[in-house]
Amino acid sequence: MARSHITLAALATAAVPGFDPVQAQAFSTGMHGDFFAAIVTDATGRELIVRVPNSAEAEAQLGAEKYALETMTAGIRSRLSFDVPTLVGRAPIGKTFGLVFEFLHGHQLTLAEFTAESGLPTSIGTSIASIHSLPTHFVSDAGLPFFSAQDIQRQTRDLVSKAQGTALLPAALSARWQEAVNDSSLWLFDPTVIHGSLGVDSFIAGTDSVSGVLGWAALRVGDPASDMHWIINAPVESQDAAFAAYGDSRHSLVDPKLRQRATLYSELELARWLLHGVEQKSPEIVDDAIDMLDRLVDSVHQENTNAIGTDTAPVLTVTEVVELLDETPGDAASGRYRGMEPVTDDQRSSNSLSE
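Chains are numbered independently. Their residues run from 1 in the order of the written sequence. For a predicted model such as this one, the threshold for reporting local features is a pLDDT of at least 70, and the threshold for listing and counting side-chain atom pairs is 80 or more; totals across whole chains, interfaces and linings nevertheless cover every residue. Only hydrogens and water are removed before side-chain values are computed, so all heavy atoms of the structure are retained for them.

A. Looking closely at the packing of helix α6 (residues 149-165) against helix α9 (residues 258-279). Axis definition: a line fit to C-alpha positions, over the contact stretch in the case of helices; interaxial angles, taken between N-to-C directions, run 0 to 180 degrees. Runs of E in the DSSP output that reach at least two residues are strands. Runs of H or I that reach at least four are helices, and both are numbered from the N terminus. Interaxial distance between α6 and α9 falls to 9 Å at its minimum, and their mutual angle equals 45°. Judged by the angle between their axes, α6 and α9 are oblique. With respect to the hand of their crossing, α6 and α9 are arranged in left-handed fashion. On α9, the residues that touch Ile152, Thr156, Leu159, Val160, Lys162 and Ala163 of α6 are Leu264, Tyr265, Leu268, Ala271, Arg272 and Leu275. Throughout, the term roughly parallel applies to angles under 35 degrees, roughly antiparallel to angles over 145, roughly perpendicular to angles from 65 to 115, and oblique to all others. Should the near helix be turned anticlockwise from the far one by less than a right angle, the crossing is termed left-handed; should it be turned clockwise, right-handed. Residues count as neighbours in contact if any of their non-hydrogen atoms are within 4.5 Å of one another.

In structure tokens, the structure reads:
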């Protein structure tokens, strides 16, 4: 059942004592119908955003985000270089519930803005580093997921094995990925607090820097590279700026294989898409995945190497996959598979390899 912005304004009134809205407008989250959202304003100019899930999956996601944000105390938030959404109310609506947050001003970034000249890659690298510098105990104390390097290597190996089991994986990629998951030096890293679902549109920007980060439902301890895999889709100069800023902020704590694993995770998004097509018995998705895997092979061959390395050329990643899916007719390849969409504040599919 659709929820109008008027209905959501009423929910804000019920959820936030003393809040008296005078204006409400629907808010597009870039989603495919998983959430209804509205910005509601009172006479003082205070703006709240109301979100109501439209599926069981979205409801679970919203509940997970609520819990994650509640674990982020004022002390934890003060360590970050940006703002985090503040939950101010919850109210039932029909058979589900809605959450009300303070509205973070700014605009959600796009990859087109992620240029070295803009300064945003530097700001984003610094912002991600501040997440990864948080103390891990606040996550473990809250009972949120905690994955070791060995856990993540095993999970990644299992994903590669499943993709190989389809007999549809190009030999060059099968060998490339198998070599990576078996390379013990690639997995010698210290797990950190990670956002878990970062994408370019997770970031809210002001004029030239990150002012906020959205969507914390996948908060956990895991591989820091999983928060950076989407950067591999940017121009090389932008990648360099983001990783350099990250390294400057983390200093000696940065592992030397961070960028290699980010590249691996980026490529493995296509393995996930292939497996999804196989599981759904969708010829359209399978064919689409095979086409993109073939294109990735061409990119890999241009590198003159079969290793996952810091000089790896940009390859198809989650954002490019979605762009290709948008060009593919038919619902089966409409990009609604949650693991392949760019992550937004309303989309907390756990699609990182550290899950």
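We are not done yet, so read on.
B. Representation of the environment of Val236. By the element assignment, Val236 lies in helix α8 (residues 236-250). Residues Val236 and Ala116 lie 120 residues apart in sequence; the distance between their C-alpha atoms is 9.2 Å.

C. Unusual backbone geometry, seen in detail. For Ala167, which is not a glycine, the phi torsion comes out positive at approximately 60°. Its location among the elements puts Ala167 in the loop between α6 and α7 (171-182). Its identity is not glycine, yet Lys281 carries a phi of approximately 55°, on the positive side. Overall, Lys281 belongs to the exposed group, its relative accessible area being 75%. Residue exposure (1.4 Å probe, protein chains only): buried if accessible area is under 20% of the type maximum, exposed if over 50%, otherwise partly exposed.

D. Expanded view of the pattern of salt bridges. Definition used for salt bridges: Asp or Glu carboxyl oxygen within 4 Å of a side-chain nitrogen of Lys or Arg. Per the counting criterion, the structure on display carries eight salt bridges. Of the charged contacts in the structure, one is a salt bridge between Arg46 and Glu102, with a shortest N-O distance of 2.5 Å. With Arg46 in the loop between β2 (35-42) and β3 (47-53) and Glu102 in strand β5 (residues 96-102), this residue pair connects regions lying 56 residues apart in the sequence. With relative accessibility at 29%, the residue Arg46 sits in the partly exposed group. Judged by its relative accessible area of 26%, Glu102 is partly exposed. The closest approach of N and O atoms between Arg154 and Asp151, which form a salt bridge, is 3.0 Å. Note that Arg154 and Asp151 are positioned in helix α6 at a spacing of three residues, about one turn of the helix.

E. Region of interest: the sheet that holds β2. Strand order across the open sheet formed by five strands is β1-β2-β3-β5-β4, with antiparallel pairing between neighbours. Whereas interior strands pair on both sides, the edge strands pair on one side only; in this sheet they are β1 (21-26) and β4 (87-93). Between one strand axis and the next, the sheet turns by 25° as a mean value, whatever way the strands run. Lying over the sheet, helix α1 (residues 5-15) contacts β1, β2, β3, β4 and β5, oriented at roughly 115° with respect to β4. Helix-sheet contacts for helix α2 (residues 56-71) involve β2, β3, β4 and β5, and the interaxial angle to β5 is about 40°. Following DSSP output, two strands are said to pair if at least two bridges run between them.

F. Molecular detail of the sheet that holds strand β8 (residues 203-205). Here we have three strands laid out as an open sheet, ordered β6-β8-β9, and antiparallel in their pairing. Lying at the two open borders of the sheet, with one neighbouring strand each, are β6 (107-108) and β9 (210-213). Here β6 pairs with β8 via two bridges, running antiparallel. For Gln108, the partnering residue across the bridge sits in β8 and is Ile204. Across the face of the sheet, helix α4 (residues 120-132) comes into contact with β8 and β9 while running at roughly 130° to β8.

G. Spotlight on the pairing of β2. Counting buried residues in β2 gives eight out of eight residues, a clear majority hidden from the surface. By the alternation rule, side chains of β2 split into Phe35, Ala37, Ile39 and Thr41 and Phe36, Ala38, Val40 and Asp42, which are all buried. In this sheet, β2 lies alongside β1 in antiparallel orientation, the contact comprising five bridges. Looking at the pairing, Gln25 lines up with Ile39 of β2. Between β2 and β3, which pair antiparallel in sequence order, lie four residues; one of them, Gly45, sits at a positive phi of approximately 95°.

H. Inspection of the pairing of β4 at higher detail. The pairing of β4 with β5 spans six bridges and is classified as antiparallel. When the sheet's bridge partners are listed, Arg90 is paired in β5 with Leu99. In sequence, β4 turns back onto β5 through a hairpin of two residues, with Gly94 there showing a positive phi of about 65°.

I. Focus on the nonpolar core. Buried Ala, Val, Leu, Ile, Met, Phe, Trp, Tyr and Cys residues that are joined via side-chain atoms within 4.5 Å together make up what is termed a nonpolar core. Within the largest apolar cluster, 80 residues are counted, with the highest numbers of intra-cluster contacts made by Met72, Ile128, Trp177, Phe203, Trp216, Leu219 and Trp230. Per-element accounting of this core gives the leading share, 10 residues, to α9. Membership of the second largest hydrophobic core comes to 17 residues, among which are Val16, Phe19, Phe36 and Leu48.

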